[in-house]
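Structure assessment
Now for the letters of each chain:
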Amino acid sequence: MCEKIFLDGHKNIVLKKLPKGAFSKEVASKFRLEQKQQGYTEFLITNDFLTYLQDFLHGLNCYIFNIQVEALDDNIPNLIKSHLKQNPSEDDRYSLSKLLQDTEQIEKIRSLEFYYKGKQGEVNSNGVIFGEDSEVEELLQQAIKEYLSK
Amino acid sequence: MNNIKNTLKNLIFAILSSLATHYFPLSSHLLKITSDKLLSSIDLAIYITVLNILWELFFSCIDKNKMKVKASIVNKRQDNNKFILRPNDSMENHEVLLKLAITGRKKKSNLKIRVSYPNYFTVQLSRGMFDFAKITENCIELDLQTMINSSSSEINLHREIEFNLSLDQHNIGNKDTLKCLLDKCNINPLISFQSTELEIRQEGV
């Protein structure tokens, strides 16, 4: 599974398979515009959503093993890594949430990789989601649904 | 425009004061001056001053009863009113803040603030905004009444509404502005509204 998330006019989540070369800005832009013409708006994978997703996944005891960021300080990625554990403590989760929301330190959250029921999933700030299993897909849909109701 | 209004106001006050000086001369009763010209000038000065004071009192009274809404849209990272987007920035998410300050006497109305944006932007609200903000076709709509419902009669409410903006297509030379507009159907004279816009310019590398 390698898809992009769109919302229809009623805010229903629709996953769309990526066309070839969708990682280039030109193709991604064309794809988004085509979808817009059909009434689908791309769901943007923002810093706010990725911060929420981190909380959501930890709440389900998922193992987040990698969070890539664009940080203003070179030590930040290591600091993030130090909080990413298979069973993070409350302190780790709190510190990580706080750090990801710190706009003075982190410019952009690029991606978040995790394991859910032994299957790998990844969400990228360019809007692309990867998952080894349909359960990962359903989990992400659930996260977006909850996010949109917050 | 304000200068023209002020000049007209001064002219009207001068005419009214001249008439008052002619029909109700004051200083001739109060001062022992024999020059009519001097007495008229003093009367004119007194009447103009009184009219100006009454004018100020009237407007400060209205001002005290007004609900003041100030809105500005800023680039969150730089906290300024400008965004310069390069070709590489298309499809990236840019954080934007709509800063809203509502102060003064609470007014009941179905006030809505709208921010329209061009079709080639994709816009998404962040968490915590969905109770009073929604995105309709190319427009962010804020329901002020919902925001102020729980406030007391004297409001001092400051909110930052965060949304992300992503450019679907980059076209060098395009310049757009995001501006808050008050719903004109519900304009109440006791609600003042000021807004600062965000300028978005698409430039080359």
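Parameters at a glance
Residues numbered from 1 in each chain as written. Chains lettered and ligands numbered in written order. Predicted model: local features only at pLDDT ≥ 70, side-chain atom pairs only at ≥ 80, totals over all residues. Heavy atoms only, no water. Axes fitted to C-alpha atoms, helices over the stretch in contact; angles between N-to-C directions. Helix = DSSP H or I, 4+ residues; strand = E, 2+ residues; numbered from the N terminus. Parallel < 35°, antiparallel > 145°, perpendicular 65-115°, else oblique. Left-handed = near helix turned anticlockwise from the far one by under 90°. Contact = heavy atoms within 4.5 Å. Nonpolar A, V, L, I, M, F, W, Y, C, P; charged D, E, K, R; others polar. Pairing = 2+ DSSP bridges. Core = buried A, V, L, I, M, F, W, Y, C linked by side-chain atoms within 4.5 Å. Buried < 20%, exposed > 50% of the residue type's maximum accessible area, 1.4 Å probe, protein only. Buried area = accessible area lost by both parts, 1.4 Å probe. Salt bridge = Lys/Arg side-chain N within 4 Å of Asp/Glu carboxyl O. Polar contact = N/O pair within 3.5 Å; in protein donor to acceptor, adjacent residues only side chain to side chain.

1. Here we look at the packing of helix 3 (residues 76–83) of chain A against helix 4 (residues 90–101) of chain A
Residue and element names in this part refer to chain A. As a packed pair, helix 3 and helix 4 sit with axes 9 Å apart at the nearest point and diverge in direction by 150°. By the angle between their axes, helix 3 is roughly antiparallel relative to helix 4. Seen along the crossing, helix 3 lies across helix 4 with a hand that is left-handed. Mapping the contact onto sequence places I76, L79, I80, S82 and H83 in helix 3 and D92, S95, L96, L99 and L100 in helix 4. Residues belonging to the contact of helix 3 with helix 4 are distributed by class as follows: 6 nonpolar, 3 polar and 1 charged.

2. Quick look at the sheet that holds strand 1 (residues 67–75) of chain B
Residues and elements named next belong to chain B. As summarised here, the arrangement of the 5 strands in space is 5-8-3-1-11, forming an open sheet in which the pairing is mixed. With one partner strand each, in any of the chains shown, strand 5 (121–125) and strand 11 (191–196) form the two edges of the open sheet. Averaged over all pairs of adjacent strands, the angle between strand axes in this sheet comes to 20°, irrespective of strand direction. Across 5 bridges, the pairing between strand 5 and strand 8 (residues 154–167) is antiparallel. Residue pairing across strands places T122 opposite S166, the latter belonging to strand 8.

3. Things to note about the nonpolar core
Formed by 38 residues in total, the largest nonpolar core has its most connected members in L98, L100, F163 and L178 of chain B. Ranked by residue count, the leading element in this core is strand 8 of chain B, at 6 residues. Formed by 36 residues, the second largest nonpolar core is a distinct cluster that contains L7, I45, F56 and V69 of chain A.

4. Quick word on the packing of helix 1 (residues 2–23) of chain B against helix 3 (residues 36–64) of chain B
Residue and element names in this part refer to chain B. For the pair helix 1 and helix 3, interaxial distance at closest approach is 8 Å and the crossing angle is 130°. With respect to each other, helix 1 and helix 3 are oriented oblique. Considering the relative orientation of helix 1 and helix 3, their crossing is right-handed. Residues K9, F13, A14, L16, S17, S18, A20 and T21 of helix 1 touch helix 3, and the partners they reach there are S40, D43, L44, Y47, I48, L51, N52 and W55. A breakdown of the residues in the contact of helix 1 with helix 3 according to their chemical character gives 9 nonpolar, 5 polar and 2 charged.

5. Description of unusual backbone geometry
The phi angle at K117 of chain A is positive, at roughly 50°, despite the residue not being glycine. Inspection of the secondary structure assignment puts K117 of chain A in the loop between strand 5 (106–116) and strand 6 (119–124). A residue is classified by how much of its surface remains accessible, and K117 of chain A, at 57% relative accessible area, is exposed. Located in the positive-phi region is M91 of chain B, a residue other than glycine, with phi close to 70°. Overall, the relative accessible area of 10% leaves M91 of chain B in the buried class.

6. Notes on the interface of chain A and chain B
For interface size, the figure often reported is the accessible area lost on association. Counting from both sides, the interface comprises 27 residues of chain A and, opposite them, 26 residues of chain B. The largest share of the area that chain A buries against chain B comes from K25, R32 and L44 of chain A, three residues that together contribute 27% of it. Between R127 of chain B and D48 of chain A there is a salt bridge, with the nearest N and O atoms lying 3.1 Å from each other. Taken together, the links from chain A to chain B amount to 19 residue pairs in polar contact (both at pLDDT 80 or more). Those elements that provide at least two residues to the side of chain A that touches chain B are helix 1 (25–37), strand 3 (41–42), helix 2 (47–59), strand 5 and helix 5 (134–148) of chain A. By residue number, the principal contributor to the side of chain A that touches chain B is helix 1 of chain A, which donates 6 residues. Of the residues that constitute the side of chain A that touches chain B, the class distribution is 9 nonpolar, 8 polar and 10 charged.

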